[in-house]
Amino acid sequence: MTRAAPTTLRPTTPKEVRDAVLDTPGRLAISGAGTARHWAGRPAEVDATLDLSALTGVITHNPGDMTVSVHAGTPVRDLQAELAGHGQRLALDAGRIGRGATVGGLLATADAGPSSLVYGAMRDLVIGTTSVLADGTMVRSGGHVIKNVAGYDMAKLLHGSYGTFGPLVEVVLRLHPVPKATACVAVDGPVADAARHTAAVVSSPLEPIAVEWVSGDPGRLLIRLEGGVDTLPGRVGRLVDLLGDDAREIGDDAWSGHAALTAGQPSTDAPEGAVVRIGCAPARLASLVAELPATGVTAGLATGVATVTVPGAAVAEVHDAVAAVGGTSVLRDRPDALDAPAWGPAPSALALLKAIKTQLDPGARFAPGRFDPWM
Amino acid sequence: MPLDAPVREEFAALLGPADVIDDPVRTRAYECDGLTGNRVVPELVLLPRTAEDVAGCVRICARHRIPFVARGAGTGLSGGALPVADGVVIGLNRLDRVLEIDVENRRAVLEPGVTNLEITAAASPHGLYYAPDPSSQQVCTIGGNVAENSGGAHCLKYGFTTNHVLSIEVVLPDGSVVTLGSDSMEQQGPDLRGVFLGSEGTLGVVTKITVRLLRTPEVMRTLLADFPSVAAGGQVVSDIVAAGIVPAAVEMMDALAIEAAEGATGAGYSLDTPAALVVELDGTVEECDEQFALVKDICDRHGCTRLHVAGSPEERANIWRGRKAAFAAVGRISPDYIVQDGVVPRTRLAEVLERISGMGDEAGLRVANVFHAGDGNLHPLVLFSAADGETERAEHLSAGIAELCVEMGGSLSGEHGIGTDKACSMPKMFGEDDLAVMNRIRAGFDPDHICNPGKLLPTPRLCGEKPGRYRPHPLEEAGLIDRL
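Values in this document were obtained by computation on a predicted structure and should not be read as measured data.

**Regarding the overall build of chain B**
Scanning chain B from terminus to terminus reveals 18 helices and 19 strands. Taken over C-alpha atoms, the radius of gyration comes to 23 Å for chain B, in line with the 23 Å a tight globule of 484 residues would show. Judged by the C-alpha coordinates and their principal axes, chain B covers about 70 × 60 × 50 Å. Buried positions account for 60% of the 484 residues belonging to chain B. Expressed as a percentage of contacts within chain B between residues at least 6 apart in sequence, the contacts between residues at least 24 apart total 71%. Accessible area of chain B: about 17,800 Å², with a carbon and sulfur share of 50%. The centroid of the 42 positive side-chain charges in chain B is displaced by 2 Å from the centroid of its 68 negative side-chain charges.

This is the structure we're talking about:
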């Protein structure tokens, strides 16, 4: 039996999302800006795609409370522009924000950038969600206040869910002030040297916002500081003194190379290599990435999170190497023809994950294939 | 009968008879937590010494469908550790080892019975500390902190327990053991770690916790400032935030709370001021000095009547001693009191305090206010005398205050949890569908409903059936959401 080509539904309100879920029988893929279309498991065949890129806009911004609620399809780039007028921001700097990634997409894929060292990942910034389940239930959790322990935290369940429990329609976020000044200090050298420098920086009182090594010849450690206009230069000086070698302040555009290695590929291009996201205990990361057959690396030496580009044939080997140090790994972009495992070994909580999936999406309608081969 | 002699023998064979308590004189010690008004004496108290034995206890419970309640230090204020009749209490105090301080990775691996303060004590020789600091930190345990997603005075800048726990080993209600979370922020799929954090013991029993440690800040600057009104203090908080400053802590106390705290500690609070603010900044010398000067200016601008800067670590500790003793100290000015815990958007602080004061007058009861002003987390203390028959009125007022917070677009609880205390208020904050989905998530973890039943979510037995017409969601009434 052949299936009809999948329909694409483009709801513009939460109600339309619910109607689309209720009125469309069968299996549904969910997409936002499409910047992570190929991440994690390859999407299986579906009957329709829910495209949330028209479900956009700020619902309520409360500058005095530093919270904002937005529709899930809102590009973070647009949100930042709106918030900047109030001296506020979402403290998230995932590389693919520059490509138009949405609030819902970044939450569903658990993406984060270098500043997660201090501000955490999306899981630490989201304070409320509304999503739609397979039976059309609209479910809210959390709320509009930063401090809130009432009820189970659904937002966390949706963080890293890749749409498998259903589409997000609204997200409430906590905000941070835009720093008065930002600086970047760089030291060139291989990852092992960068790890030594990182140890010195994180045990210093200088409060770095991000500490990332970017591969190259010989590679470069980037350290971001934030602070006041008058006070930051003094701290930059202390940091340069602490690091020695050829440490120096450089322009902020140094981060664009980092973003390019983590932002994923425009969907029209077939990427050259496979991109794998890795996490492990920070002190293990430098030696781990040094032994991988990687052509491109960004390594958060203080967070333990790295993004590596490797030949497609090496993906399974990467999963094994990461699992051997107790870490986690997931395939992001890949060459179209590549048949490689998306995930490393299944987590110990797999049976629990399946039980929750059965509770919320008993017909396995949403995002089939994303957690292949686990479920 | 679930707890007949053969079942008791199973527990005794697993733990040894000395660690299975059924003597009513001793089980009575477990009849309540910090919410002392609710009491249930458990059938049995189990005191395992290892994670394996905790799993063994839960497996026996699962096999016989015996409800169980995990318990740490019992400092919870919402009845989350209230025993279940015909059930067992699993006390975790004997799992009290700091398993590892990993300086290189800046993290600690802990058993659940380690107290909050012990983590920082173990980490501080390495220049590290554990950030969440609930007022009960000397006695409350990290296992309890995980269950309640505890906060504290410093969570405005540093976040809550959930922001500091990397991974947890959990015994699920069927007795299986899983690890949720990982060594980094990357995880294999959905953040089940985050779902478990703050689930109030209803999804399993935590047996091992890995937390992040932070580097001790270079400097801390603390001030205590008096203001002619609570509203003026609130305006200071707003201006600090508007200036782009994120203080480590901003705490406010009103006259009644100050009277109690000062009487108990002699910490140096003024007895003649309507409101006092504690502001703490931390960080590098450069940033802290600049911002501290700015904060002092803001205080002056709003009619600060006295500004005391802590000149030494001892003076700083003193200020915090006064603040953290405030709850217990209220016992000095009232025979009985209820500690409430609600959250409002910070910008509505002045409005909500006025409403609370009016509600207190109407009920003929005094309300002292201590709160985390930076994040809008209120702790109204309802003062009453049980001997004078004021209990019911006080409970009614206290519940009304929590529900007022929801009405203002806030939350029923900022850090103390829902437990048994507020389960019946949950429909004020969440719709029927929301609660039904929470029940489905719970069923995914605990299909047999044996893990801390009767807590967090309303049940007909607990709250009575609530039939009737559609009631608008509180956020809908507040104009924050639309009905679909």
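So, next bit.
**Structural notes on the overall build of chain A**
The secondary structure content of chain A amounts to 12 helices and 18 strands. Taken over C-alpha atoms, the radius of gyration comes to 21 Å for chain A, in line with the 21 Å a tight globule of 375 residues would show. C-alpha atoms of chain A, sized along the principal axes, occupy 65 × 50 × 35 Å. Buried positions account for 63% of the 375 residues belonging to chain A. A total accessible area of about 12,700 Å² is found for chain A, and carbon and sulfur atoms account for 53% of it. Charged side chains in chain A number 31 positive and 38 negative. The centres of these two groups are separated by 5 Å.

**Here we look at the sheet that holds strand E8 (residues 165-171) of chain B**
Residue and element names in this part refer to chain B. Taken in spatial order, the five strands line up as E5-E6-E10-E8-E9 in an open sheet, and their pairing is antiparallel. Sheet topology places strand E5 (98-102) and strand E9 (177-181) at the edges, where each strand pairs with a single neighbour. Each strand axis lies, on average, 15 degrees off the axis of its neighbour in the sheet, ignoring direction.

**Topic: the interface of chain B and chain A**
Contacts between chain B and chain A engage 87 residues on the former and 86 residues on the latter. Buried surface at the junction of chain B and chain A, both sides included, amounts to about 6,900 Å², of which 59% is carbon and sulfur. Between chain B and chain A we count seven salt bridges in total. With a closest N to O distance of 2.7 Å, Glu286(B) and Arg238(A) form a salt bridge. At the boundary of chain B with chain A, the tally comes to 29 residue pairs in polar contact (both at pLDDT 80 or more). Listing elements by their share of the side of chain B that touches chain A, those giving two or more residues are helix H6 (155-158), E9, helix H7 (192-196), helix H10 (285-301), helix H15 (426-429) and helix H16 (432-445) of chain B.

**Digging into the environment of Ser161(A)**
Among the structural elements, Ser161(A) can be located in the loop between helix H6 (154-158) and strand E9 (168-174). Overall, Ser161(A) belongs to the buried group, its relative accessible area being 2%. For the pair formed by Ser161(A) and Phe371(A), sequence separation is 210 residues and the distance between their alpha carbons is 9.0 Å. Beyond its immediate chain neighbours, meaning those up to four positions away, Ser161(A) contacts Ala108(A), Phe371(A) and Pro190(B).

**Description of the packing of helix H13 (residues 349-363) of chain B against helix H14 (residues 391-407) of chain B**
All names here are of chain B. Contact geometry for H13 and H14: axes closest at 11 Å, N-to-C directions at 160 degrees. Comparing the axis directions of H13 and H14 gives the class roughly antiparallel. Where H13 crosses over H14, the handedness of that crossing is right-handed. Taking contact as the criterion, the partners of Val352, Arg355, Ile356, Met359, Gly360 and Ala363 in H13 are, on H14, Arg393, Leu397, Gly400, Ile401, Leu404 and Glu407. Looking at side-chain class alone, the contact of H13 with H14 contains seven nonpolar, two polar and three charged residues.

**A look at the pairing of strand E6 (residues 107-110) of chain B**
The side chains of a regular strand alternate between both faces of the sheet. All names here are of chain B. The alternating pattern of E6 places Arg107 and Val109 on one face and Ala108 and Leu110 on the opposite face, and all of these are buried. The sheet contact formed by E5 and E6 spans four bridges and is antiparallel. Counted as the bridge partner of Val98 is Leu110 from E6. In textbook terms, the turn of a hairpin is the stretch between consecutive antiparallel strands, and for E5 and E6 this stretch comprises four residues, one of which, Arg106, has a positive phi near 50 degrees. When E6 meets strand E10 (residues 205-212), the two strands line up antiparallel, connected through four bridges. Along E10, the bridge assignment pairs Leu110 with Ile209.

**Structural notes on the pattern of salt bridges**
By the definition in use, this model includes 40 salt bridges over all chains. Here Asp111(A) ties to Arg332(A) by a salt bridge, and the two come within 2.9 Å at their closest N and O atoms. You can see Asp111(A) sitting in the loop between helix H3 (103-108) and helix H4 (116-119) and its partner Arg332(A) sitting in the loop between strand E18 (328-331) and helix H12 (350-360), a full 221 residues away along the chain. One network of salt bridges, in which partners are shared, links Arg96(A), Asp111(A), Arg277(A), Arg332(A) and Glu186(B).

**Considering the nonpolar core**
Counting residues in each nonpolar core, the largest one holds 134 residues, and the members touching the most others are Leu173(A), Ile278(A), Ile168(B) and Val211(B). The contacts of Ile278(A), once residues within four sequence positions are left out, are Leu285(A), Leu288(A), Leu292(A), Gly304(A), Val305(A), Ala306(A), Val308(A), Val318(A), Val322(A), Thr328(A), Ser329(A) and Glu186(B). In terms of nonpolar packing, the next biggest core, distinct from the first, is built from 41 residues, Val219(B), Leu223(B), Ile338(B) and Cys405(B) among them.

**A look at the confidence of the model for chain B**
Residues of chain B with pLDDT of at least 70 account for 95%, and the chain-wide mean is 93. Quick note on the complex model: pTM equals 0.96, ipTM equals 0.97.

**A short note on helix H9 (residues 255-265) of chain B**
Residues and elements named next belong to chain B. Taken as a whole, H9 has its buried residues at Leu256, Ala257, Ile258, Ala260, Ala261, Glu262 and Thr265. On its buried face, H9 is in contact with strand E13 (249-254), strand E14 (275-283), helix H11 (313-324), helix H12 (326-329), strand E18 (366-372) and strand E19 (377-384). Of the residues trailing H9, Gly266 is marked for its positive phi of about 55 degrees.

**Thoughts on the packing of aromatic side chains**
To describe a pair of aromatic rings, one takes the distance between the centres and the angle between the planes. Applying the stated criterion across every chain, the model contains six aromatic pairs over all chains. Relative to Phe371(A), the ring of Tyr162(A) has its centre 6.0 Å away and its plane inclined at 85 degrees; by these criteria the two rings are edge-to-face. With a gap of 209 residues between them, Tyr162(A) in the loop between H6 and E9 and Phe371(A) in the segment after H12 connect regions that are remote in the sequence. Ring plane angle 20 degrees and centroid distance 6.1 Å describe the contact between Phe371(A) and Trp374(A), whose orientation is recorded as stacked. Looking at Trp374(A), the relative accessible area reads 8%, which means it is buried. One aromatic cluster is present, formed by Tyr162(A), Trp343(A), Phe371(A) and Trp374(A) through successive ring pairs. A cation sits over an aromatic face here: Arg224(A) above Trp255(A), 4.4 Å from the ring centre. Between the NZ or CZ atom of Lys324(B) and the centre of the ring of Trp320(B), over which it lies, the distance is 5.8 Å.

**As for the state of the cysteines**
What the rule picks out here adds up to one disulfide over all chains. Not part of a disulfide, Cys299(B) finds its nearest cysteine sulfur in Cys304(B), a span of 5.3 Å.

**Thoughts on the pairing of E14(B)**
All names here are of chain B. Judged by how many residues are buried, E14 sits mostly within the fold: nine of nine residues are covered. Neither face of E14 is open: one carries Ala275, Leu277, Val279, Leu281 and Gly283, the other Ala276, Val278, Glu280 and Asp282, and all of them are buried. Relative to E14, strand E12 (residues 219-227) runs antiparallel, the two sharing nine bridges. Each bridged residue has a counterpart across the sheet, and for Phe227 the counterpart in E14 is Ala275. In terms of strand pairing, E13 meets E14 through six bridges, oriented antiparallel. Each residue of the ladder has a partner; that of Asp254, found in E14, is Ala275.

Definitions and cut-offs
Residues numbered from 1 in each chain as written. Chains lettered and ligands numbered in written order. Predicted model: local features only at pLDDT ≥ 70, side-chain atom pairs only at ≥ 80, totals over all residues. Heavy atoms only, no water. Helix = DSSP H or I, 4+ residues; strand = E, 2+ residues; numbered from the N terminus. Rg over C-alpha atoms; globule rule 2.2 N^0.38 Å. Buried < 20%, exposed > 50% of the residue type's maximum accessible area, 1.4 Å probe, protein only. Contact = heavy atoms within 4.5 Å. Areas by Shrake-Rupley, 256 points an atom, 1.4 Å probe, with all protein chains shown as cover. Lys, Arg positive; Asp, Glu negative; His and termini not counted. Charge placed at Lys NZ, Arg CZ, Asp CG, Glu CD. Pairing = 2+ DSSP bridges. Axes fitted to C-alpha atoms, helices over the stretch in contact; angles between N-to-C directions. Buried area = accessible area lost by both parts, 1.4 Å probe. Salt bridge = Lys/Arg side-chain N within 4 Å of Asp/Glu carboxyl O. Polar contact = N/O pair within 3.5 Å; in protein donor to acceptor, adjacent residues only side chain to side chain. Parallel < 35°, antiparallel > 145°, perpendicular 65-115°, else oblique. Left-handed = near helix turned anticlockwise from the far one by under 90°. Nonpolar A, V, L, I, M, F, W, Y, C, P; charged D, E, K, R; others polar. Core = buried A, V, L, I, M, F, W, Y, C linked by side-chain atoms within 4.5 Å. pLDDT = per-residue confidence, 0-100. Phe/Tyr/Trp six-rings, centres within 6.5 Å; stacked < 30°, edge-to-face > 60°. Lys NZ or Arg CZ within 6 Å of the ring centre and 35° of its normal. Disulfide = S-S within 2.5 Å.

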